[in-house]
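Geometric and topological summary
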Amino acid sequence: MKLSQSILSLLLIITCFTSCIQVNNPYTKLPPGQWRGILKITDPDAAPPTPGLSEADQKIIDYFELPFNLEVEYVDEKMNVYLVNGKERIPVDNIHFERDNTSAKDTLLFGFPEFDTRINAFYEENFIEGTWHVDYKNGYSIPVLIQYGQAHRFIDYTVDDTYNFDGKWDVTFEFDNPEEAYPATGEFKQDGNKLSGTFLTETGDYRYLDGNAYGDKLRLSVFDGAHAFLFSGSVANDTIYGEFRSGKHYKSNWIATRNTGKQILKDPYNMTQVVGNKPANFSLKNTKSEVVSISDKIYNDKIKIINIIGTWCPNCKDEVAYLKQIKKDYPQLEIISIAYERYREESEALDLLKRYKSTMDIPWPILHGGYADKKETSESLDFLDKIYSYPTMILVDKDNSVIDIHTGFNGPATSKFKAFDEEFRKKIETKLR
């Protein structure tokens, strides 16, 4: 009897104890909610190693934090992950999560096959730690650390007297290097100390930037699987003096003044020109290694769009997404994408194009144009004088004569997108009559 009472008491103690245990993460994968990540980008002008510091300690000193945000949610037990940049939520469709028995940790892969990049990491105790790899660049990788339960992007300083950066700015990147300098338009939206916006250039926009302002300073960043951009700046006498870091090593300076209404960027329809009156003409391999020509019977007597892209280019991805809607709205219109890749080997480039076409669910042919070099691209399309940008969009009539050429793509992150869309649709509708 006493033994039974002892067992009963022990069971009651165990029951009470286990009922008080709080499971931090009942999910078999990542817990849902907000995550904050940083890419540890190195400083190309870092000082020489400090005497007495280990190599690991020196690396800690030499990196800058490029912050980004993630969201994890579950729908019918399916885990969905999104990269978040301001208003944009980019689904991460290629996710692999499994147990590594050798390290007793969970391994994680976030794949971005359309850009040929990936994050490989370990997950433990609400931390994801690993590396972002850019596979088309040999040996290119950046350490990444992602922490659960953090909603902020940059550290949110509270400063009462914060400058109002809201509005349009005339920007010059590489202003201290006249041979490399190029213009841009900065578009910023500010709500208190929260700041968002983008930069429009003659070859495209820098997509959805997110960050904050404090005092006389601003900070903005974007990470979308391909771009890893970090902008900082400070203002004096209504002039912003800034620094732009891209990826692992690139750094440049920029300067901006308030926009006075003057257009500083070239008209995208007046950059690339047709050579003489040459019709559009090419014969290139598709993702099945079949040769496709614009003169093929299927394209006879049809209005066509030639979409010059690179799979590594986020602005190109934006334009492809836009053209998918155009194709849906104007099914009689034919579209052909010509991709210029960062692999010299044709077989590697074609494998990448197959993945891109599948991932993006593109309903028209993607042809391999060659290597992603603007000089080589221009030479491969001899009916054009020069290619300035990936993407470039060419509207072609039923006889393959060029109607219009649009350089670059300022997409939905910009104020120009709506007007561009309306104008472009009118051109299509006029030609389809």
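Reading guide: rules and limits
Residues numbered from 1 in each chain as written. Predicted model: local features only at pLDDT ≥ 70, side-chain atom pairs only at ≥ 80, totals over all residues. Heavy atoms only, no water. Core = buried A, V, L, I, M, F, W, Y, C linked by side-chain atoms within 4.5 Å. Buried < 20%, exposed > 50% of the residue type's maximum accessible area, 1.4 Å probe, protein only. 1 Å grid on protein atoms, 1.4 Å probe; cavity = no way out; pocket = protein on both sides within 12 Å on 5 of 7 lines; lining within 4 Å. Points joined across faces, edges and corners; volume = space filled by probe spheres on them. Helix = DSSP H or I, 4+ residues; strand = E, 2+ residues; numbered from the N terminus. Contact = heavy atoms within 4.5 Å. Phe/Tyr/Trp six-rings, centres within 6.5 Å; stacked < 30°, edge-to-face > 60°. Lys NZ or Arg CZ within 6 Å of the ring centre and 35° of its normal. pLDDT = per-residue confidence, 0-100. Polar contact = N/O pair within 3.5 Å; in protein donor to acceptor, adjacent residues only side chain to side chain. Salt bridge = Lys/Arg side-chain N within 4 Å of Asp/Glu carboxyl O. Pairing = 2+ DSSP bridges.

Before going further, it helps to spend a moment on the nonpolar core. With 85 residues, the main nonpolar core has Leu30, Leu39 and Ile306 as its most contacted residues. Val171, Phe173, Leu218 and Phe229 belong to the second-largest nonpolar core, a separate cluster that totals 21 residues.

Its volume calculated, the largest pocket comes out at about 1300 Å³. Lining the largest pocket are 40 residues, and of these Tyr206, His227, Phe229, Trp312 and Arg342 sit closest to its centre. Mapped by element, the contributors of at least two residues to the lining of the largest pocket are β8 (127–134), β11 (182–191), β13 (204–205), β16 (228–236), β17 (239–246) and α3 (314–329).

When you line up the elements, Thr287 lands in the loop between β19 (283–285) and β20 (291–293). The spatial distance from the C-alpha of Thr287 to the C-alpha of Pro365 is 7.7 Å, given a sequence separation of 78 residues. Those residues in contact with Thr287 that lie beyond four places of it in its chain are Leu350, Leu353, Lys354, Lys357 and Ile366.

A ring pair, where both rings are aromatic, is described by two values, the distance of the centres and the angle of the planes. In the structure shown here, the tally under the stated rule is 34 aromatic pairs. Taking 6.2 Å as the distance between ring centres and 40° as the angle between the ring planes, the aromatic pair formed by Tyr340 and Tyr390 counts as tilted. Taken together, the residues span a long stretch of sequence, with Tyr340 in strand β22 (residues 334–341) and Tyr390 in the loop between α5 (374–380) and β24 (392–396) at a distance of 50 residues. Of the residues examined, Tyr340 reaches a relative accessible area of 1% and is grouped as buried. An aromatic cluster of three or more residues is present, and its members are Phe173, Tyr182, Phe188, Phe199, Tyr206, Phe229, Phe231, Phe244, Tyr250 and Trp254. The ring of Phe64 carries the charged tip of Arg245 above its face, separated from the ring centre by 3.8 Å. We note Arg342 situated over the ring of Trp312; from NZ or CZ to the ring centre the distance is 3.9 Å.

Per-residue confidence for the protein chain gives a mean pLDDT of 89; residues scoring 70 or more make up 89%. No element of the protein chain has a lower mean pLDDT than helix α1 (residues 2–19), at 41, and none a higher one than strand β10 (residues 167–173), at 98. Confidence drops under pLDDT 50 across residues 1–23; counting only partners more than four residues distant or on other chains, this segment forms zero contacts.

Another aspect to go through is the environment of Phe68. The topology assignment puts Phe68 in strand β2 (residues 63–75). For Phe68 and Phe223, which are 155 residues apart along the polypeptide, the C-alpha to C-alpha distance reads 6.1 Å. Apart from the residues lying within four places of it in its own chain, the contact partners of Phe68 are Trp35, Arg36, Gly37, Ile38, Leu39, Leu83, Val144, Ile146, Arg153 and Phe223.

Before going further, it helps to examine the environment of Asn410. Its location among the elements puts Asn410 in the loop between β25 (402–407) and α6 (417–432). For Asn410, a relative accessible area of 18% puts it in the buried group. Each C-alpha atom, one on Asn410 and one on Pro268, is 9.9 Å from the other, the two residues being 142 residues apart in sequence. Not counting the four nearest positions on each side in its chain, Asn410 is found in contact with Leu200, Thr201, Gly204, Asp205 and Phe417. Polar contacts involving the side chain of Asn410 include one to the main-chain amide nitrogen of Asp205, which spans 3.3 Å.

Next up on the list: the pattern of salt bridges. Scanning the model with the defined rule gives 23 salt bridges in all. One network of salt bridges, with partners in common, ties together Glu88, Arg207, Asp224 and Asp318.

Sheet faces and side chains relate simply in a regular strand, where the side chains alternate between the two faces. What you see with strand β4 (residues 88–91) is a clean split: Glu88 and Ile90 sit on the buried side and Arg89 and Pro91 on the side with no burial. Examined bridge by bridge, strand β3 (residues 78–85) and β4 share four bridges and lie antiparallel to one another. Following the sheet pairing, Tyr82 is matched in β4 by Pro91. Linking two consecutive strands that pair antiparallel, namely β3 and β4, is a turn of two residues; a positive phi of about 60° is found at Gly86 within it.

Residue Pro391 is bonded to the preceding Tyr390 through a cis peptide linkage, with omega at 5°. Along the chain, Pro391 turns up in the loop between α5 and β24. Non-glycine residue Asp301 carries a positive phi angle of around 60°. Within the element layout of this structure, Asp301 appears in the loop between β20 and β21 (304–309). Classification of Asp301 as exposed rests on a relative accessible area of 57%.

Pairing of β10 with strand β18 (residues 250–258), which is carried by five bridges, proceeds in the antiparallel orientation. Residue Val171 lies in a different strand from β18, and its bridge partner there is Ala256. As defined by bridge partners, β17 adjoins β18 across eight bridges and the pair is classed as antiparallel. Within the sheet, the bridge partner assigned to Ile240 lies in β18 and is Ala256. Linking β17 to β18, which pair antiparallel, is a turn of three residues; within it Gly247 sits at a positive phi near 65°.

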